[in-house]
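Inside the fold
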Amino acid sequence: MSSLEIRTLTFCKNCSLLSPLPNSFPTPTAFSLFPNRRPQLHLRRPLLAPLSAATVPTNTEKENLLLGEMQEDSEHDGEDELLEEEWSFDEEEEEVERFDVQEFEREAKQVVKDFSDSLSRQLKIEDDVSNQKETRGKQKRRTNTGSNIPDHLLPRVAIVGRPNVGKSALFNRLVGGNKAIVVDEPGVTRDRLYGRSYWGDYEFMVVDTGGVLTISKSQDDVMEELAISTTIGMEGIPLASREAAVARMPSMVERQATVAVEESSVIIFLVDGQAGLTAADIEIGDWLRKNYSHKSIVLAVNKCESPRKGLIQASEFWALGFSPLPVSAISGSGTGELLDSVCSQLKKLEETENQIEEYVPAIAIVGRPNVGKSSILNALVGEDRTIVSPISGTTRDAIDTEFTGSDGQKFRLIDTAGIRKRAAVASSGSTTEALSVNRAFRAVRRSDVVALVIEAMACITEQDFKIAERIEQEGKGCLIVVNKWDTIPNKNQQTAMHYEEDVRGRLRILNWAPIVYSTAIQGQSVEKIIVAASMVEKERSRRLSTAILNQVVREAVAFKAPPRTRGGKRGRVYYCTQAAIRPPTFVFFVNDSKLFPETYRRYMEKQLRSSAGFTGTPIRLLWRSRRKLEKDEGKDASTRTQVNLSQFDRKSAVAA
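The name that an unreviewed UniProt entry assigns to the chain is GTPase Der, with the source organism given as Sesamum alatum. Of the chain, the UniProt comment under Sequence similarities (unreviewed entry) reads exactly: "Belongs to the TRAFAC class TrmE-Era-EngA-EngB-Septin-like GTPase superfamily. EngA (Der) GTPase family."

As C-alpha cells, this is what we get:
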C-alpha cells in the first residue's frame, strides 16, 4: 500500500483498523431547516450527482481533490462559526429592539430608588425616639422658611453659663433639632457647636458652649465636674503628660466659650432655677458685665417648668443685675419671650433676590480615638477651632466648620468623636460616648467625602476595617489620611510605597481610595487633604454618557464573556445606563441576573474603573433581570385591566 493510499484511508466507526476509501460517495440525504434558519444557510457549491465507479478519478486527482476539500472545509468552518455568531448577535438585537430605551431609563430610576430605600432601612441609626417626630417637623418648617444667606453673614447668639444648667437642651430647642448631646451630667459639651435658627423674620446662628468654670474651683472639683478620666484611653501616655492634659482642659473649654462670646452680638446667660443662685453664677455675671458690657446680655432662668413657680424661682436672680426670664428648655415654655428679647437686639438682614444657594460639599473627619482628627481640622482652618488633647474622648459633638480652599472652593469640615468598638463602648457604661459615636456615624451619613484618619505607627485594626466598611456601605467618597507621618523612623523613597501596599492589603474594601500622608501637629501636607477631597468629590459627581458606557460594557463582555452554566445558559447584557450620581450608580439590564456571579460583577466594576476612572468613590452596579421586568409589566397590565373592569362594572351598575 503506497503512502498516497495511506493518506486516503479513513477510520471505521467500530474498529481501529484502516479501511480503504470507498470507490463511490453516498447519495446525500434529504434534510430541512426551520424557516428562520434558512437565511443563515449558505451552501459552498451546487450539489453534485453521485459518482459512479466508472467515473472515479485517478490517485493524483483524488489527492488533489481531497486536499482542496480539506482546505475549503477549514475555511468554511470559520465562516460557519462567524455566521453562527452573527445570527446570535442578530437574535440579541431583535430582543433588544423589543424594549424601549426610555422604558429602560425609567425602570433604572425606580431600581435606584428601591435600592436606596432598602439600604437606608438597613443602615438606620438608632436615635432618641421620643424627639424624632417633633424634630422632623421642626426641621421641615425651618427648611421651608430659611433663607439663602451664608452662615458667616448671620448674627450670632452665644449661650453661656456654668456646667449642667441646660445649655445644650436650650440649643436644641432653638435650632429645632437634636444636634447637641444632652445628658444629665456636667461637662458634656466642650467645643463650640453652631446651629441655624429663626424667629419671625429674623434668622441667626446659635452657639452652644461648654460650661464656664471659675478659678475658685479646686483641681479635683474641676475634674469631677468635667468628668475627666486619667486612665481610659490614656494607657500609652506618661503620667506627667496625663496630669498636664487634665490641667489644661478647663482653660481650653473656657477659651472656646470666650471665643463664642466675643464673636456674638447677643449673649444668653443661662442659670439653673431649681438649684438657685450660686457663687459660680455670680462670678460669671461679674465677668460678663466687666468685659462685655457693650454687648446685649439676656438672663434666662432654665428649668422653670411651672409658670407660677417660675416667677418665684427667677426672682432671686435679680441680684445679678440683669432682668431674668423664666424658661424651660425641655417643655419650651418661656422660649417665645426669650426669642423676642434676643431678636429685638439683632439687626435684620435682607436677602438679595438674585442670590442662589450654592452646593457646598461636606468632608467628615473620622477614625479611632487619638489619631489626630481635631489637629487636622485646626491645621486646615488655621485656628484652634476644637480642643486638642491626648485625653481620649475630648471631642464629643460633631463640629461643623466652613472652610474655603486656595482655589476658592468652599467646604464644610466635620470633626467627629473617636469611634471605638461597640463592645468597648458598652462595657464603659458611658452614655455620652455612645451618643458621641452615634453623632459620628450621622456625620458620615450627611457628608459627601470622608477622610479616614489612621495613625502611622499604629497598625490597621479591625475597628478601622469596620469604619471603612461603613463608609463603603453609605456610598461616600473616601480618602485615607495617614497622620503623624513624622513618627516613622528612617524613611526613604520606598517607605511610602511599602506602607501603601500594607494599607491596601488590610483595607481592601477601600482599594479605590487615595492615600495622603500628613503631620497635622506641624501643619505638613495638610493642604493635600483638601486637594484630594476636591478630586474625590468631582469624581463622585461625574456622569458617563450612555453611548460611552455601553461601549465600555461591550468591550468588557467581548474580552471576557459571562460564564456558562451547566445547562448551557449564558448571561447577556441588553442595556446599561448610569441612573444616579453621588455615588455613581449603574443599572445593567440582563436576561437573568443569576447568570452573573459575584466574580464577574467585580470584573465589570474593575473594567469600569480602569476605563472611566471614578477614583476615590464607590460605584454601585445594580442588575435588573428581564424576566423580573416582564413579570412587573405583567402585574401592571393586569392591575390596569382590573381597574378598567371595575370602572366598567360601576358604569354598568349606574346605568342599570
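A separate point is the overall build of the chain. Of regular secondary structure, the chain possesses 19 helices and 17 strands. Looking at the chain as a whole, 43% of its 656 residues are labelled buried. Pairs at least 24 residues apart make up 73% of the contacts formed inside the chain by residues separated by at least 6 positions.

Here the focus is helix H13 (residues 431-445). Over its 15 residues, H13 runs 21 Å from end to end, which matches the ideal 21 Å to within 8%, given 1.5 Å per residue. For H13, a buried count of eleven out of 15 residues is recorded, marking the element as mostly surrounded by other parts of the structure. At its buried positions, H13 is contacted by strand E9 (362-367), strand E11 (410-415), helix H12 (422-428), strand E12 (449-455) and helix H14 (462-474).

The next subject is the pairing of strand E13 (residues 477-483). Across the seven residues of E13, seven count as buried, placing the element largely inside the fold. Going residue by residue along E13, you find Gly477, Leu479, Val481 and Asn483 tucked away on one face and Cys478, Ile480 and Val482 tucked away on the opposite face as well. Strand direction decides the pairing type here: E12 and E13, joined by seven bridges, are parallel. Residue pairing for E13: Leu452 is matched across the bridge by Ile480. Viewed along the sheet, the connection from E12 through H14 into E13 turns out right-handed. Note: E13 against strand E14 (residues 515-517), three bridges, orientation parallel. Bridged to Ile480 within E14 is Ile515. Between the parallel pair E13 and E14, the chain is carried across by helix H15 (residues 495-506), and the sense of this crossover is right-handed.

Turning our eyes to something else, we now look at the sheet that holds strand E4 (residues 193-199). The strand order E4-E5-E3-E6-E7-E8 describes an open sheet built from six strands, whose pairing is mixed. One side of each edge strand has no neighbouring strand; the edge strands of this open sheet are E4 and strand E8 (324-326). The average undirected angle you get between the axes of adjacent strands in this sheet is 30 degrees. Where helix H8 (residues 279-291) meets the sheet, it contacts strand E3 (156-160), strand E6 (266-272) and strand E7 (296-302), and its direction lies at approximately 170 degrees from that of E6.

What the three strands build is an open sheet, ordered E15-E16-E17; its pairing is mixed. Of all strands in the sheet, those bounded by a partner on one side alone are strand E15 (573-580) and strand E17 (620-625). Taking the axes of each pair of neighbouring strands and ignoring which way they run, one obtains an average angle of 25 degrees across the sheet. Packing against the sheet, helix H17 (residues 546-559) makes contact with E15 and strand E16 (585-590), and its axis sits at approximately 135 degrees to E15. Against the sheet, helix H18 (residues 598-612) makes contact with E16 and E17, and its axis sits at roughly 130 degrees relative to E17, the strand it touches most.

Our next topic: the environment of Ala579. Here Ala579 lies in strand E15. Classification of Ala579 as buried rests on a relative accessible area of 18%. Sequence spacing of Ala579 and Gln110 is 469 residues, and the spatial spacing of their C-alpha atoms is 9.2 Å. Those residues in contact with Ala579 that lie beyond four places of it in its chain are Ala108, Lys109, Val112, Arg543, Thr585 and Val587.

Under the counting rule described, the total for this entry stands at 25 salt bridges. The residue Arg446 makes a salt bridge to Asp400 at a minimum N-O spacing of 2.8 Å. Taken together, the residues span a long stretch of sequence, with Arg446 in the loop between H13 and E12 and Asp400 in strand E10 (residues 399-404) at a distance of 46 residues. By relative accessible area, Asp400 is classed as buried at 16%. Residues participating in the shared-partner salt-bridge network are Asp400, Arg412 and Arg446.

Time to look at the packing of aromatic side chains. Following the criterion strictly, the structure yields twelve aromatic pairs and no others. Their ring planes at 40 degrees and their centres at 6.5 Å tell us that Tyr575 and Phe589 sit as a pair that is tilted. You can see Tyr575 sitting in strand E15 and its partner Phe589 sitting in strand E16, a full 14 residues away along the chain. Across the pair, Phe589 and Tyr575 agree in class, each one buried. Where Phe586 meets Phe614, the ring centres are 5.8 Å apart and the plane angle is 75 degrees; that geometry is what we call edge-to-face.

Note that soluble globular proteins tend to have their nonpolar side chains buried in a common cluster. Judged by nonpolar contacts, the single largest core of 33 residues is most densely connected at Val366, Leu452, Ile480, Val482, Tyr499 and Leu510. Contributing elements (two or more residues each) for this core: E9, H13, E12, H14, E13, H15 and E14. Looking at this core, the element that brings in the most residues is H13, giving five residues.

The rules we used
- Residues numbered from 1 in each chain as written.
- Predicted model: local features only at pLDDT ≥ 70, side-chain atom pairs only at ≥ 80, totals over all residues.
- Heavy atoms only, no water.
- UniProt positions renumbered as here; feature names shortened; annotations may be inferred.
- Helix = DSSP H or I, 4+ residues; strand = E, 2+ residues; numbered from the N terminus.
- Buried < 20%, exposed > 50% of the residue type's maximum accessible area, 1.4 Å probe, protein only.
- Contact = heavy atoms within 4.5 Å.
- Expected span 1.5 Å × (residues − 1).
- Pairing = 2+ DSSP bridges.
- Right-handed = clockwise from strand over helix to strand, strands pointing away.
- Axes fitted to C-alpha atoms, helices over the stretch in contact; angles between N-to-C directions.
- Salt bridge = Lys/Arg side-chain N within 4 Å of Asp/Glu carboxyl O.
- Phe/Tyr/Trp six-rings, centres within 6.5 Å; stacked < 30°, edge-to-face > 60°.
- Core = buried A, V, L, I, M, F, W, Y, C linked by side-chain atoms within 4.5 Å.

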